[in-house]
Amino acid sequence: MIDLKKLEIFEDTSIREAIKAIDRGNLQLAIVVDKKRRLLGTLTDGDIRRGILSGLDIESNIKDIYFRSPLVATLAESKKDILQKALDRKIHQVPIIDENQHVIDIRQIEELIKPREKSNKVVLMVGGLGTRLKPLTEKIPKPLLKVGSKTILEIILSRFLEYGYKNILMCVNYKSDMIQEFFGDGSKFGVSIEYILEEKRMGTAGALSLLKDKISEPFFVMNGDLLTDINFENMHNFFVSDEADALMCVREYEFQIPYGVVNTDNIRIKSIQEKPSHKFFVNAGIYMLSPKVLKYVPEDEFYNMTTLFEKLMEKNRKVISFPHEGYWMDIGRFEEYEKANIEFNNIF
């Protein structure tokens, strides 16, 4: 990951110091920020040359020569969308910004076309019974059900592979032999797969206690029945830039009360709201964790991810959320399974 602090300069930075920042980053680019590290613009070698040709000297500040309207992308944008924006503008680097206008990464067009391989592991929880999808899951585990032309698990693997994540750990239980036979060591799918057998049902986090000798850097955890277009690399960089211990991907959920809501004070009516809507963030079943949090997962017990996050908050560990506004489908019921098949070609 790029050390962004090496690239950061301010409006009153001299051209001399700006050149040093550009050289440090080796990206032919520096990012101009304010005192709260919010992005103001970018500065390139070309900007500096044009400034010097216009009469500035090496000790002049960069206030009048940096580019104030750079192409940027948000955390919610997919690699495909970012690449298209870069190609349309003929731009080689695209800053990725969060909701506070802080730069969390700079994506280079070469990496968008061919992603850099990452060593971080991806833990997929694929041991569920798929009870709500019976009779489909009586003879086949849910992750092997097909959506479009591919199994659910193939689609998940291809999404991680798109961002350079190839080291996969599958926590298996129900019909594990079928999953292992289908995927093998992962080589024919372009990834490397290890299997962790849950001898008994261990919840959404209990199997993490079996991984303590296999994890040495931040890692993903994801339920094996989710389809999403989330940008995993943005999620990873957000986790690192915020120096978090645990990250939970969340998405907004809205529901409307189908009646007029009456607010009272004893018997006196104070107000009436006609069919109000309420919005919440809900757990999306995708996480990133530091290896340090594994010590909080009890050995050989049923343990859920929400319980782990509650424990981490109790211990004052840094627990953050990562909102996802794009496509997300939890294939738990027939309705979702049918909808995913209808939407498959448009999304994937």
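Below or above, wherever it landed, is the structure these notes cover. Worth saying up front: this structure is predicted, and the values here are computed from it rather than measured.

1. Regarding empty space enclosed by the protein
Point 1. Counted under the stated rule, the structure contains one cavity of 30 Å³ or more.
Point 2. Mapped onto the lining of the largest cavity, the elements with two or more residues apiece are α5 (152-162) and β13 (226-228).
Point 3. The element best represented in the lining of the largest cavity is α5, accounting for four residues.
Point 4. Split into classes, the residues belonging to the lining of the largest cavity amount to seven nonpolar, one polar and one charged.

2. A short note on unusual backbone geometry
Point 1. Unlike most non-glycine residues, Arg37 shows phi in positive territory, near 65°.
Point 2. Of note, Arg37 is situated in the loop between β2 (29-33) and β3 (39-44).

3. Concerning the side chain of Asp47
Point 1. Mapped onto the fold, Asp47 is located in helix α2 (residues 45-53).
Point 2. Taking relative accessible area as the criterion, Asp47 reaches 11% and is therefore assigned buried.
Point 3. Separated by 2.9 Å, the side chains of Asp47 and Arg50 make a polar contact.
Point 4. With residues near it in sequence (within four places) discarded, Asp47 still touches Thr42, Ile65 and Phe67.

4. What to know about the nonpolar core
Point 1. Core analysis: the largest hydrophobic core is formed by 56 residues, its most contacted members being Leu124, Val147, Phe160, Met170, Leu227, Phe232 and Ile331.
Point 2. Of the residues forming this core, the biggest block, six residues, is contributed by α5.
Point 3. Dropping the residues within four chain positions of it, Phe232 is found in contact with Arg159, Phe160, Tyr163, Tyr165, Phe220, Met222 and Ile286.
Point 4. Counting 26 residues, the second largest nonpolar core, distinct from the first, contains Ala205, Leu208, Val293 and Tyr296.

What counts as what
- Residues numbered from 1 in each chain as written.
- Predicted model: local features only at pLDDT ≥ 70, side-chain atom pairs only at ≥ 80, totals over all residues.
- Heavy atoms only, no water.
- 1 Å grid on protein atoms, 1.4 Å probe; cavity = no way out; pocket = protein on both sides within 12 Å on 5 of 7 lines; lining within 4 Å.
- Points joined across faces, edges and corners; volume = space filled by probe spheres on them.
- Helix = DSSP H or I, 4+ residues; strand = E, 2+ residues; numbered from the N terminus.
- Nonpolar A, V, L, I, M, F, W, Y, C, P; charged D, E, K, R; others polar.
- Buried < 20%, exposed > 50% of the residue type's maximum accessible area, 1.4 Å probe, protein only.
- Polar contact = N/O pair within 3.5 Å; in protein donor to acceptor, adjacent residues only side chain to side chain.
- Contact = heavy atoms within 4.5 Å.
- Core = buried A, V, L, I, M, F, W, Y, C linked by side-chain atoms within 4.5 Å.

Function cannot be read off these values alone, since they describe shape.
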